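Topology and contacts: notes
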Amino acid sequence: MDEESKKTNLKMIAKAKEDYEKLLNMNISEIYDQFDDNGKSVFWHSFIDYIVVNDYDNIDIFLQ
């Protein structure tokens with residue numbers, strides 16, 4: 001990978017980290033309670049790519 005690609009990747013990672021930190025710092029429960037069922041679905045689909053249930057007590061959640 002060349003230096004320009006590395007810089008681009010680092011910028012993308014930093015932006016994603018910043019976006020997730022903003023999400024975690026929001027008062028999600030207050031906002032979430034105002035969503036209808038469709039809004040809740042859109043909320044979860046906005047950052048969860050897919051979920052794998054391996055066992056009863058083993059669930060992997062893959063983020064976008």
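Residues numbered from 1 in each chain as written. Predicted model: local features only at pLDDT ≥ 70, side-chain atom pairs only at ≥ 80, totals over all residues. Heavy atoms only, no water.

Each helix and strand in the protein was counted, giving 3 helices and 2 strands. In the protein, the succession of α and β elements from N to C terminus is α-α-α-β-β. Here the C-alpha radius of gyration of the protein, 16 Å, is well above what a compact globule of 64 residues would show, namely 11 Å. The dimensions of the protein, computed from C-alpha atoms along their principal axes, are 45 × 30 × 20 Å. A buried classification covers 6% of the 64 residues belonging to the protein. For the protein, the accessible surface area stands at approximately 5,800 Å², while carbon and sulfur atoms represent 56% of it. (Helix = DSSP H or I, 4+ residues; strand = E, 2+ residues; numbered from the N terminus. Rg over C-alpha atoms; globule rule 2.2 N^0.38 Å. Buried < 20%, exposed > 50% of the residue type's maximum accessible area, 1.4 Å probe, protein only. Areas by Shrake-Rupley, 256 points an atom, 1.4 Å probe, with all protein chains shown as cover.)

Let us look at a nonpolar patch on the surface. Taken together, the side chains of Ile51, Val53, Ile59, Ile61 and Leu63 make up a nonpolar region of the molecular surface, amounting to roughly 490 Å² of accessible area. Counting only elements with at least two residues in the nonpolar patch, the list comes to strand S1 (48-55) and strand S2 (58-63). Ranked by residues supplied to the nonpolar patch, first place goes to S2 with 3 residues. Along the chain, the position of valine 53 falls in strand S1. (Patch = residues over 30% accessible without salt bridge, like charges linked within 9 Å, V, L, I, M, F, W, Y side chains within 5 Å. Salt bridge = Lys/Arg side-chain N within 4 Å of Asp/Glu carboxyl O.)

This next bit is on the packing of aromatic side chains. Inspection of the entire model under this criterion finds 8 aromatic pairs. Both rings, one in tyrosine 32 and one in phenylalanine 35, keep their centres 6.0 Å apart while their planes meet at 70 degrees; by these two values the pair is edge-to-face. Phenylalanine 35 gets classed as partly exposed once you look at its relative accessible area, which sits at 28%. Taking 4.9 Å as the distance between ring centres and 75 degrees as the angle between the ring planes, the aromatic pair formed by phenylalanine 43 and tryptophan 44 counts as edge-to-face. A relative accessible area of 39% means that tryptophan 44 is categorised as partly exposed. (Phe/Tyr/Trp six-rings, centres within 6.5 Å; stacked < 30°, edge-to-face > 60°.)

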